[in-house]
Amino acid sequence: MDRSDVIGQSALLKDLRGLVDSGRVVHSYIFHGPKGVGKRTISSFFAKMILCREKDKPCGYCKSCRQFDSGNHPDVIKIKDNNKGIRIEAIREMREEIGIKPFQGEIKVYIIEDGDTMNPYAQNALLKTLEEPPEHSVIIILAENVATLLPTIVSRCQRIRVPRLTIAEMATLIKKEIGSTEEEAQVFAGLSQGLPGRGLELARSKEYKQMRQDTLGILERLSRSSLSESISCVDYFMDNRDNIVNILDNIEQWLRDLMVFKYSNGGELILNKDKLTQIHGLSQVFTTQAVQYIIDSIEDSKRKLKAHANFQLTIENLLIRIQGSGEYAGGSRSKI
Ligand SMILES: [Zn+2]
């Protein structure tokens, strides 16, 4: 990982570099932000800068940087969630180890990933270390939500918020990491919500790309089919019921684009820019009111499914509403 490996986050990186260059690195940090925003990438980059021996940090070629890049730096210790949260045993082990001097440099960096999965016992054990950290240690806690950490922990750490990326930064990242075309990169950048982890996951996922096609196809079919034909779409949902939340979210995303299209006539804010023709076609069929009604119906269906309502009935009811024959949808489909 060298400088060019972190795309975006230029303001944050500048601040972090400033801390390292001016010798103002403290003993404990919390890097926080939503899942997939890049907390691991940024905190690792920070650790690499702290440990680099050259002036222009991270240089990428000193022994420390090379060890870091190979994943074998002896003075970088990562503490991870073992699927049951970070347990007190892991923190105790860290407490025993942290007193030992660094193997080769002057600093040891501990990165506690998924810090918000630490139970209260683990957090209390960690607190003791944060109260009296060894001179040679830097502890970085990663957390989605600072509120899950004890206030006594938060108050002893410097908080660093990792912000979302812009669409342009996301598109650059997707092109670089996946080799996507400009158009595809723009689409997935729009769908990423500024979260690199999410954007890359979606852009890499064949299943997601298939689901996009499927849900758009269903909307198109519902826009022109009879009631009985519409209900036959239930088979798709039955076959994919484990993925129902994502499918419904995806349909909502198309509807959101439909709405944006109606107001902006295909402007910048459309997420699915590669499907403008289809979005235009659907916008001719569903009125603004109908789109809002369908979104409300989807939200209602999600609530019902969460409350374990009958799956098939709930979906059939939703399909009827989308098709425009629902009890309250009378006349909602029009040319407006
Ligand atoms: Zn270096």
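Residues numbered from 1 in each chain as written. Predicted model: local features only at pLDDT ≥ 70, side-chain atom pairs only at ≥ 80, totals over all residues. Heavy atoms only, no water.

What follows covers the overall build of the chain. Scanning the chain from N- to C-terminus turns up 16 helices and 5 strands. Seen along its three principal axes, the alpha-carbon backbone of the chain occupies a region of about 75 × 40 × 30 Å. For the chain, buried positions account for 49% of its 336 residues. Here the chain displays about 17,100 Å² of accessible surface, and carbon together with sulfur accounts for 49% of that area. Here the chain holds 47 positive side-chain charges and 44 negative ones, and the gap between their average locations is 2 Å. (Helix = DSSP H or I, 4+ residues; strand = E, 2+ residues; numbered from the N terminus. Buried < 20%, exposed > 50% of the residue type's maximum accessible area, 1.4 Å probe, protein only. Areas by Shrake-Rupley, 256 points an atom, 1.4 Å probe, with all protein chains shown as cover. Lys, Arg positive; Asp, Glu negative; His and termini not counted. Charge placed at Lys NZ, Arg CZ, Asp CG, Glu CD.)

In this structure, Cys 52 (SG), Cys 59 (SG), Cys 62 (SG) and Cys 65 (SG) serve as the protein donors to the zinc ion, at separations of 2.3 to 2.4 Å. Here the zinc ion binds 4 donor atoms, and the angle range of 104 to 115° at the metal identifies the geometry as tetrahedral. Mapping the donors of the zinc ion onto the primary sequence gives the spacing C-x6-C-x2-C-x2-C. Each member of the pair, Cys 52 as well as Cys 59, carries the same accessibility label: buried. (Donors = N, O, S within 2.8 Å, 3.2 Å for Na, K, Ca; no water. Tetrahedral: all angles 85-135°; square planar, octahedral: opposite > 155°, others 65-115°.)

Along helix H14 (residues 276–285), the residues classified as buried are Ile 279, Leu 282, Ser 283 and Val 285. Down the axis of H14, the smallest arc covering the buried residues is 155°, so these residues share one side. Of the surrounding secondary structure, the elements contacted by the buried residues of H14 are helix H10 (206–224) and helix H13 (244–264). (Arc of directions from axis to C-beta. Contact = heavy atoms within 4.5 Å.)

The next thing to look at is the packing of aromatic side chains. Each aromatic ring pair is summarised here by two numbers: the centre-to-centre distance and the angle between the ring planes. Counted by the stated rule, this structure contains 5 aromatic pairs. On the numbers, 5.7 Å between centres and 85° between planes, the contact of Tyr 236 with Phe 237 is edge-to-face. With relative accessibility at 17%, the residue Tyr 236 sits in the buried group. If you follow Arg 212 out to its NZ or CZ, it ends over the ring of Phe 188, 5.9 Å from the centre. (Phe/Tyr/Trp six-rings, centres within 6.5 Å; stacked < 30°, edge-to-face > 60°. Lys NZ or Arg CZ within 6 Å of the ring centre and 35° of its normal.)

Bringing the pattern of salt bridges into the picture now. In total, this model carries 16 salt bridges according to the counting rule given. Residue Arg 256 pairs with Asp 257 through a salt bridge whose shortest N-O separation is 2.9 Å. Overall, the relative accessible area of 0% leaves Asp 257 in the buried class. Between Asp 300 and Arg 321 there is a salt bridge, with its nearest N and O atoms 3.7 Å apart. One end of the pair, Asp 300, is in helix H15 (residues 288–306); the other, Arg 321, is in helix H16 (residues 311–323), with 21 residues separating them in the sequence. A relative accessible area of 18% means that Arg 321 is categorised as buried. Overlapping salt bridges bring together Asp 249, Glu 252, Glu 299 and Lys 302 as one network. (Salt bridge = Lys/Arg side-chain N within 4 Å of Asp/Glu carboxyl O.)

Here the domain parsing of the chain yields domain 1 (3–163) and domain 2 (205–323). Using C-alpha coordinates to define each centre, domain 1 is positioned 42 Å away from domain 2. (Domains from an automatic or database assignment.)

This part takes up unusual backbone geometry. Here the residue pair Lys 57 and Pro 58 is connected by a cis peptide bond, since its omega of -10° sits within 30 degrees of zero. The residue Pro 58 is located in the loop between helix H2 (39–51) and helix H3 (63–69) in this model. You will see that Asn 83, though not glycine, has its phi angle at about 80°, which is positive. Relative to the elements of secondary structure, Asn 83 occurs in the loop between strand S2 (76–79) and helix H4 (88–98). By relative accessible area, Asn 83 is classed as exposed at 75%. At His 308, a position not held by glycine, the phi torsion is positive, near 65°. Tracing the sequence through the fold places His 308 in the loop between H15 and H16.

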